[in-house]
Amino acid sequence: MREIPSDQHITYQLQYRKCGKSSCSTCKNGQGHGPYWYAYWREGSRLRSGYIGKVHPGFQQTGLQQTVSRSRSTKLDRLKLSSSVTV
């Protein structure tokens, strides 16, 4: 897992991921696994990313739990959620 820098601007985003297994019904019949938080930052001209997990880092620090329903997690919901939390 990539080390996420603490001295740069970090953008957080919820994403679904497909595992690539042909027998996986979650990927075959839906959006994929997740949603999972990912962090994005720049190193020079390169865009880097790092896996965070199911809980946003801001929620981990305050002890709040965050759950996202698969059926309600649209792109707009993810944008609202990721932009509403400032770390």
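What comes next is a walk through the structure.

Cut-off values and rules
- Residues numbered from 1 in each chain as written.
- Predicted model: local features only at pLDDT ≥ 70, side-chain atom pairs only at ≥ 80, totals over all residues.
- Heavy atoms only, no water.
- Core = buried A, V, L, I, M, F, W, Y, C linked by side-chain atoms within 4.5 Å.
- Buried < 20%, exposed > 50% of the residue type's maximum accessible area, 1.4 Å probe, protein only.
- Helix = DSSP H or I, 4+ residues; strand = E, 2+ residues; numbered from the N terminus.
- Phe/Tyr/Trp six-rings, centres within 6.5 Å; stacked < 30°, edge-to-face > 60°.
- Lys NZ or Arg CZ within 6 Å of the ring centre and 35° of its normal.
- Salt bridge = Lys/Arg side-chain N within 4 Å of Asp/Glu carboxyl O.
- Contact = heavy atoms within 4.5 Å.
- Pairing = 2+ DSSP bridges.
- Axes fitted to C-alpha atoms, helices over the stretch in contact; angles between N-to-C directions.

## Considering the nonpolar core
The biggest cluster of nonpolar side chains holds six residues, and these are Ile-10, Tyr-12, Leu-14, Trp-37, Ala-39 and Trp-41. Counting residues per element, the ones that place at least two in this core are β1 (11-17) and β2 (33-43).

## Section: the packing of aromatic side chains
Aromatic ring pairs are reported here in terms of the distance separating the ring centres and the angle at which the planes meet. This structure, assessed with the given rule, holds two aromatic pairs. For the pair Tyr-38 and Tyr-51, a centre-to-centre distance of 5.6 Å together with 70° between the ring planes defines the contact as edge-to-face. Highlighted residues: Tyr-38 in strand β2 and Tyr-51 in strand β3 (residues 46-53), separated in sequence by 13 residues. Residue classification places Tyr-51 among the partly exposed residues on the basis of a relative accessible area of 35%. Between Arg-17 and the ring centre of Tyr-38, over which it is positioned, the NZ or CZ distance is 4.2 Å.

## Brief notes about the pattern of salt bridges
Per the counting criterion, the structure on display carries one salt bridge. The salt bridge partner of Glu-43 is Arg-48, with a shortest N-O separation of 3.2 Å.

## What to know about the environment of Gln-8
Locating Gln-8 in the fold gives a position in the segment before β1. Classification of Gln-8 by relative accessible area gives partly exposed; the value is 31%. Note: C-alpha distance between Gln-8 and Glu-43 (35 residues apart in sequence) is 9.1 Å. Leaving out residues up to four positions away in the same chain, Gln-8 has contacts with Trp-41 and Arg-42.

## Looking at the sheet that holds β3
One open sheet holds the three strands; their spatial order is β1-β2-β3, and the pairing between them is antiparallel. A single partner strand is all that each edge strand has here, and the edge strands are β1 and β3. Sheet twist, expressed as the mean angle between neighbouring strand axes with direction ignored, is 40°. Direction of pairing for β1 relative to β2: antiparallel, over a ladder of six bridges. Its bridge partner lying in β2, Gln-13 is registered against Tyr-38.

## With respect to the pairing of β2
Both β2 and β3 contribute to a ladder of seven bridges, which runs antiparallel. Looking at the pairing, Tyr-38 lines up with Tyr-51 of β3.

## As for the environment of Trp-37
Residue placement: Trp-37 occurs in strand β2. Trp-37 sits 24 residues away from Gln-13 along the chain, and the two C-alpha atoms are 5.6 Å apart.

## Things to note about the environment of Leu-14
Topologically, Leu-14 is positioned in strand β1. The spatial distance from the C-alpha of Leu-14 to the C-alpha of Ile-52 is 9.7 Å, given a sequence separation of 38 residues.

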